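Per-entry structural report
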Amino acid sequence: MNFSLEGRTYVVMGVANKRSIAWGIARSLHHAGARLIFTYANERFEKPVKDLAATLEGQDALFYECDVTDDEAVKKTFTDIKNDVGTIHGLAHCIAFAKKEDLQGEFVDTSRDGFLTAQNISSYSLVTVAREAAPLMTEGGGIVTMTYLGGERVVQNYNVMGVAKASLDATMRYLANDLGKESIRVNAISAGPIRTLSAKGVGDFNSILQKIEADAPLRRTVTQEEVGDTAYYLLSDLSRGVTGEIIHVDSGYNILG
Ligand code: NDP
Ligand code: N5H
């Protein structure tokens, strides 16, 4: 069995900057020999993503704009990818959004619009992306999405995103069931807290990290590299019997009562 990703092409969605989890995944896939395709939400992020990708030695990456709230944009992205490269072998979906006001206070105050925005960008986007990407995975493939413990149990302030992640987790399982017959596996990584652009502005993030350092079995937080290497496992043949699974890369924090 060859676990190199040499000769394989993967789409990485959700690199905003060098702290992004998607960037950790991109680096792991690059080191395993993969060719990378990056998508970004709008042209504001085109240059930063291209500048980052240029630091990957010998990488001949491709770039596409793709706002996942727009079905036609998602369709066009994967039509363009099909025309430019043909077959892809997998995809990393590292995308989420909720309104700032819905990530504090009480969940009971969530507006309909805020609820639907979080579901639209953070959960439904995996459906539309999987539907358009699957036909390009002609040799089978892997899809990985990013989730968080707040979808399994109540985590203070995660609120509307917790409900969106619960929905994302179920979406991942239903997609795994549908796409399994095409030899496409769909899995999720539940990462422990990592300081990224999305996490910025979250009040108390320092104390959340300190709690992990104090209590998690490994007594430390996790890194983008550790998430990236688990994504490599899930997108390679190493995990060929695994689908519909959530792997916690969280220093073991989730096992605590
Ligand atoms: P980043 O801020 O680096 O990444 C979030 C990404 O979401 C950005 O690249 C942003 O794109 C993208 N995005 C938002 N809206 C859209 C849209 N409409 N269309 C396309 N892309 C969009 O944060 P993280 O790396 O932390 O987040 C990646 C994933 O990891 C998320 O699903 C998050 O919930 C999950 N996660 C994060 C944890 C953490 O502690 N950081 C813990 C557990 C899970 P753009 O920049 O182009 O707008
Ligand atoms: C319990 C916590 C802390 C509280 C909740 C944080 C939730 C974060 C997730 C969402 C995705 C953050 C978000 O949508 C921020 C936006 O409102 C504002 N930011 C932006 O618009 C920036 C510029 C762009 C790039 O961000 C996005 N997303 O597009 C959870 C933490 C312990 C763990 C965590 C941080 C989880 C997670 O899901 O990210």
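Our subject in this report is the structure included herewith. (Residues numbered from 1 in each chain as written. Chains lettered and ligands numbered in written order. Predicted model: local features only at pLDDT ≥ 70, side-chain atom pairs only at ≥ 80, totals over all residues. Heavy atoms only, no water.)

**Quick notes on the site of ligand 1**
Neighbouring ligand 1 are 26 residues; Ser20, Lys165, Ile194, Thr196 and Ser198 lie closest to it. Between ligand 1 and the protein, one listed contact pairs an oxygen atom with a backbone N or O atom of Gly14 at 2.9 Å. Within the contact set of ligand 1, an oxygen atom lies 2.7 Å away from a backbone nitrogen or oxygen of Ile194. When ligand 1 is considered free in solution it has 880 Å² of accessible area, and contact with the protein chains removes 90% of it. Residues that form the shell around ligand 1 fall into these classes: 17 nonpolar, 7 polar and 2 charged. (Near = heavy atom within 4 Å. Polar contact = N/O pair within 3.5 Å; in protein donor to acceptor, adjacent residues only side chain to side chain. Areas by Shrake-Rupley, 256 points an atom, 1.4 Å probe, with all protein chains shown as cover. Nonpolar A, V, L, I, M, F, W, Y, C, P; charged D, E, K, R; others polar.)

**Focus on the site of ligand 2**
The local shell around ligand 2 holds 19 residues, among which Ala96, Ala98, Tyr158, Ser198 and Val202 are the closest. Between ligand 2 and Ala96 there is a distance of 2.7 Å, counted from a nitrogen atom to a backbone nitrogen or oxygen. At 2.6 Å, a side-chain N or O of Tyr158 approaches an oxygen atom of ligand 2. Coverage of ligand 2 by the protein amounts to 80% of the 810 Å² it exposes when considered alone. For the shell around ligand 2, the secondary-structure elements that each account for two or more residues are α5 (159–179) and α6 (205–215). Here the shell around ligand 2 is built from residues that sort into 14 nonpolar, 3 polar and 2 charged. (Helix = DSSP H or I, 4+ residues; strand = E, 2+ residues; numbered from the N terminus.)

**Some details on the environment of Gly105**
If you trace the backbone, Gly105 turns up in the loop between β4 (90–93) and α4 (112–133). Separated by 80 residues in sequence, Gly105 and Ile25 place their C-alpha atoms 32 Å apart. Setting aside residues up to four positions removed in sequence, Gly105 forms contacts with Asn157 and Asn159. (Contact = heavy atoms within 4.5 Å.)

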